[in-house]
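If you want the building blocks of each chain, they are given just below.
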Amino acid sequence: MEFQITIAGEAGQGIAKSAEIVSKDFVSRGFYVFNYRDYGSLIRGGENFNVLRISDEPVYSNDWTNDFAILFGKFSSHHLNKMKQNGISIGTLEGVQAKMNPSLIIKEIGANKIVENAVLLGALYKAMGQPIEALIKQMETYGKHTKVNQIAAQKGYDTYNGEVNEIRFNVRKGNRYYVSGSNAISQGAIASGMDLYIAYPMTPATPVLHILARVKDDVRAIQLENEIGVISAGLGASFAGANVMVGTSGGGFALMNEALSLQGISEIPIVTYMCMRPGPATGIPTYTGQGDMQFVLNSGHGEYSKVVIAPGDPKEAFERTAEAFYLANKYRVLSVLLTDKHLAESDYTFDSSPTFRVKPTRNLVNQSKDYLSYKITEDGNSPRAVPGKGIARATSYEHDEMGYTVEESEKIKIMVEKRLRKAKTLEDAVKKLEPITVYGKGKRLVISWGSTKGAIVDAIKLLEDTRFLQISYLKPFPSEEVKKEIEESLDVAIIENSATGQIAALIRENTGLEIKKKILKYDGRPFGYLELADKIKEMFK
Amino acid sequence: MINLNTSEQNTWCPGCHNFVILSCAKKAVSELINEGHAKHEDFVTVTGIGCHAKLYDYINTSGFYGLHGRAIPTANGITLGNPKLKVMTFAGDGDVYAEGISHFINAARVNPNYALFVNNNKIFALTTGQVTPTSEKGFPGRSTPKGNPFTPMNPVSLALEAGASFVAREYSLDVKNLTETMKAAIKHKGFAYVDIIQPCITFHNFTEYVKDKMYRLNGPFEYKKAMEKAKEWDYSDSADAKIPVGIFYEEERPTLSDLFDNKNWSEAYPERKINSALWERFKV
């Protein structure tokens, strides 16, 4: 049993906060809530809305038709034709089933316009047949505005005289964790031993900067002049011994490229949080997409190895952040945590805790007098040491073991081949980190990566004979594992939030297998799970 | 006695002023070690890309041979990772005043704790002779055969305007004063900028021009006077120019790493506690 609520209004009317209050109430009562956030690139005016899918079973996505809706503000009328047959819409708009006049109600209680949303939330609880006490309790998080919001909610509840569609559930007790991708990455980084987060503001990566700037843990969030300054300082700080993560979206990542290449030759460990939005260029700043995947895989000029990890939900993001730090420090590489707006800014509910597969360390050696910054080794991995205790060198130039510049043919080959051996070592390491996951059973296979996981997992439950292969490591690519899954299937399609289906090209590059069937979406919106189930059914017909 | 020499083959042009700058840098480091100001292993030489950057290979300290224009942000990071390190950042005029100018202005503002030495030969030398932002108008660079159409910028007054806490100019052949100013810059707490006038003997030899026009300042001065002095020479080739050298300005204020509590992270936490229990923070 499940239902879906849309809360829509003008930016600045407290839409996101209303959604959070309702979500947390239901989660605290044992429900599972998925909270999708849709907003434009504006601070006031224009439309914002949140979609809450609420269920007694785990849910990881939403769809586009609603059982309940709060519609206020002049931009929300397009939701009117997205109501289910017995759906109830409440609000100030012409055409809603239960028209309310919150501005009159707040006048009666002598409150400010800002609590109009609380009036409508109270009405919503009446329409859902839910206890108003639960909402009022949740409003305690409003701080000094608690009281007035609670009064407004009660008043809305009492005033509502529209239809009631009472929701009855038998929810199972147990732990519930309510978390967005941004929060999971932030706490995951702290849990993984991060010292510094360096960034320049860019949607949708910015929430991580905000979160880490506020935490009480002994870490620092630092905003520098631009993304070139950010990644350069990140490499400098890591060279000096700090555990560093930098963060950005596509445009900022483009600026970082010359220094990502510097990472490749200097072999200084660093983690980069790359949160995609649709491009090219400014694109659609506050919406979602996976179109930067090939750009990230091929980032940085020159030939060198890197790690690109694509978590599928916040729990995975938390776990995989530890792997990003572990691999970066152990193999002196760049680890990219590749996410997108949908994963970063949606809230998910889980009933269990993640466990780290690895334990990141700084991986520093005690420097002896004969320490070599780029020691030639069998596995290509040179021990890491830092300045301050002895001589340590880092360089953008081709170099010898000491880190001194070389241009002689033989010496160049020795160092290039050392880095090539490291690529192989890294491949073996990633094999142990569950680079793929298979969900469901069936002869038909859909393949995807990243934030599409939620809608796919929810969609295949509605389908017969269909399983889902999730690829979590895009680089090094788990070629054998992916090849095996494809060869064991009768029909295969890829699913991607992009216009071209880049994962198909990546699979062909690494396995030689071509997948022609592509389910794509490129309007800045994530897949709805029902929408996706229909598309998969159609594709495999 | 610490040996600051390396056995790398030097590839500067014979007679290049960089030899003098390198020797002054080694002298400064060596004296600071002997005076107990810092230990050999505390020094890090950071460079950009250009002729100046070869210095990385020729001085036996820890080092970071960075990217063109990016020596400044790289050094910013080093001081954030371990504020105890003594960072000497070298850059060229094309390097820092063209490619890296935004980093220069912002570094002056946020005051990272290191010395920035700009080997300013008013030319791109390693790319064989194109004009930079400090080349004089009319100079026939290889990309401007009819003469540089642009007037030069004055990086010294710019640094003052942007808030640099230590601003100086020296001449590459003045061993005594260059060494002393380098030492003062390394000892300064904050962003210590020294523009080193360094004629390029191959592509832009203005030795004769600057030789008789330089005079020594008895600074540092208060801000307004420092700015007046900084504006005395506009980096042009005007015949009646007077070129002040020495320290223009010095003040002490919190550094970038002060603002983030001066943590030497790998020393504060040799290993961090890895704690997946932080997930519990999301419990509702």
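Since we're looking at a predicted model, the values are computed, not measured.

### Topic: the packing of helix H8 (residues 227-239) of chain A against helix H9 (residues 250-266) of chain A
Residues and elements named next belong to chain A. The N-to-C vectors of H8 and H9 enclose an angle of 30°; their axes lie 8 Å apart at closest approach. With respect to H9, the element H8 is oriented roughly parallel. Both H8 and H9 take part in a crossing whose hand is right-handed. Seen from H8, the contacting residues are Glu227, Ile228, Val230, Ile231, Ser232 and Leu235; seen from H9, they are Gly252, Leu255, Met256, Glu258, Ala259, Leu260, Leu262 and Gln263. Class assignment of the residues belonging to the contact of H8 with H9 gives a composition of nine nonpolar, three polar and two charged.

### Comments concerning the domain arrangement of chain A
Residues and elements named next belong to chain A. Along its sequence, chain A is carved into domain 1 (2-159), domain 2 (178-350) and domain 3 (436-539). Summarising the inter-unit geometry, the C-alpha centres of domain 1 and domain 3 are found 34 Å apart. Listed as interface residues are eleven residues of domain 1 and, on the opposing side, 13 residues of domain 3. Here domain 1 and domain 3 share an interface that buries about 840 Å² over both sides, 50% of which is from carbon and sulfur atoms. Among the residues of domain 1 in contact with domain 3, Tyr60, Asp63 and Trp64 are the three that bury the most area, contributing 48% of the side total. Linking arginine 525 and aspartate 38 is a salt bridge whose minimum nitrogen-to-oxygen distance equals 3.8 Å. Taken together, domain 1 and domain 3 are joined by nine residue pairs in polar contact (both at pLDDT 80 or more).

### Some thoughts on the pattern of salt bridges
Residues and elements named next belong to chain A. Counted according to the given criterion, the structure contains 55 salt bridges over all chains. Here glutamate 108 and lysine 155 are joined by a salt bridge, their closest N and O atoms 3.5 Å apart. Taken together, the residues span a long stretch of sequence, with glutamate 108 in helix H2 (residues 102-108) and lysine 155 in helix H5 (residues 146-159) at a distance of 47 residues. Judged by relative accessible area, glutamate 108 falls into the exposed class, the value being 53%.

### Some remarks on the interface of chain B and chain A
Across the contact, 50 residues belong to chain B and 70 residues belong to chain A. Between chain B and chain A, the buried area comes to about 5100 Å², and carbon and sulfur atoms account for 60% of it. Between chain B and chain A we count five salt bridges in total. For A:Asp218, the salt bridge is made with B:Lys263, and the minimal N-O distance between the two is 2.6 Å. At the boundary of chain B with chain A, the tally comes to 36 residue pairs in polar contact (both at pLDDT 80 or more). Among the elements of the structure, helix H2 (55-58), strand S2 (62-65), helix H3 (71-81), helix H5 (101-110) and helix H11 (265-268) of chain B are those that each provide at least two residues to the side of chain B that touches chain A. A per-element tally of the side of chain B that touches chain A places H3(B) first, with six residues. For strand S15 (residues 393-395) of chain A and S2(B), the ladder comprises three bridges, and the chain directions are parallel. Residue A:Arg393 lies in a different strand from S2(B), and its bridge partner there is B:Gly63.

### As for the pairing of strand S17 (residues 444-448) of chain A
Residue and element names in this part refer to chain A. Within S17, four of the five residues are buried, which leaves the element mostly enclosed by the surrounding structure. Two strands pair when backbone bridges link them, and S17 and strand S18 (residues 466-471) are joined in this way by five bridges, in the parallel orientation. Among the inter-strand pairings, serine 448 is bridged to a residue of S18, identified as glutamine 470. Traced from S17 through helix H14 (residues 453-460) to S18, the parallel crossover comes out right-handed.

### Let's talk about the sheet that holds S15(A)
Ordered by their spatial adjacency, nine strands build an open sheet running S15(A)-S2(B)-S1(B)-S3(B)-S4(B)-S6(B)-S5(B)-S8(B)-S7(B), and the pairing between neighbours is mixed. Looking at strand neighbours, the two that pair on one side only are S15 of chain A together with strand S7 (214-216) of chain B, the edges of this open sheet. For this sheet the average axis-to-axis angle between neighbouring strands, irrespective of direction, equals 20°. Where strand S5 (residues 166-171) of chain B and strand S6 (residues 191-197) of chain B come together, six bridges link them in parallel fashion. Within S6(B), the position partnered with B:Tyr171 by the bridge is B:Ile197. Lying over the sheet, H5(B) contacts strand S4 (114-120) and S6 of chain B, oriented at roughly 135° with respect to S6(B). Against the sheet, helix H6 (residues 155-162) of chain B engages S5, S6 and strand S8 (243-250) of chain B, with an angle of about 170° to S6(B).

### Remarks on the sheet that holds strand S8 (residues 196-199) of chain A
Residue and element names in this part refer to chain A. Spatially, S9-S8-S10-S11-S13-S12-S19 is the arrangement adopted by the seven strands of the open sheet, whose pairing is mixed. This sheet does not close on itself; its edge strands, each paired only once, are strand S9 (220-223) and strand S19 (473-475). Ignoring which end each strand starts from, the neighbouring axes of this sheet average 25° apart. Taken together, the four bridges between S8 and S9 define a ladder with parallel strand orientation. Paired with tyrosine 197 across the two strands is alanine 221, which belongs to S9. Against the sheet, H8 contacts S8, strand S10 (244-248) and strand S11 (270-276), and its axis sits at roughly 170° relative to S10.

What counts and what doesn't
- Residues numbered from 1 in each chain as written.
- Chains lettered and ligands numbered in written order.
- Predicted model: local features only at pLDDT ≥ 70, side-chain atom pairs only at ≥ 80, totals over all residues.
- Heavy atoms only, no water.
- Axes fitted to C-alpha atoms, helices over the stretch in contact; angles between N-to-C directions.
- Helix = DSSP H or I, 4+ residues; strand = E, 2+ residues; numbered from the N terminus.
- Parallel < 35°, antiparallel > 145°, perpendicular 65-115°, else oblique.
- Left-handed = near helix turned anticlockwise from the far one by under 90°.
- Contact = heavy atoms within 4.5 Å.
- Nonpolar A, V, L, I, M, F, W, Y, C, P; charged D, E, K, R; others polar.
- Domains from an automatic or database assignment.
- Buried area = accessible area lost by both parts, 1.4 Å probe.
- Salt bridge = Lys/Arg side-chain N within 4 Å of Asp/Glu carboxyl O.
- Polar contact = N/O pair within 3.5 Å; in protein donor to acceptor, adjacent residues only side chain to side chain.
- Buried < 20%, exposed > 50% of the residue type's maximum accessible area, 1.4 Å probe, protein only.
- Pairing = 2+ DSSP bridges.
- Right-handed = clockwise from strand over helix to strand, strands pointing away.

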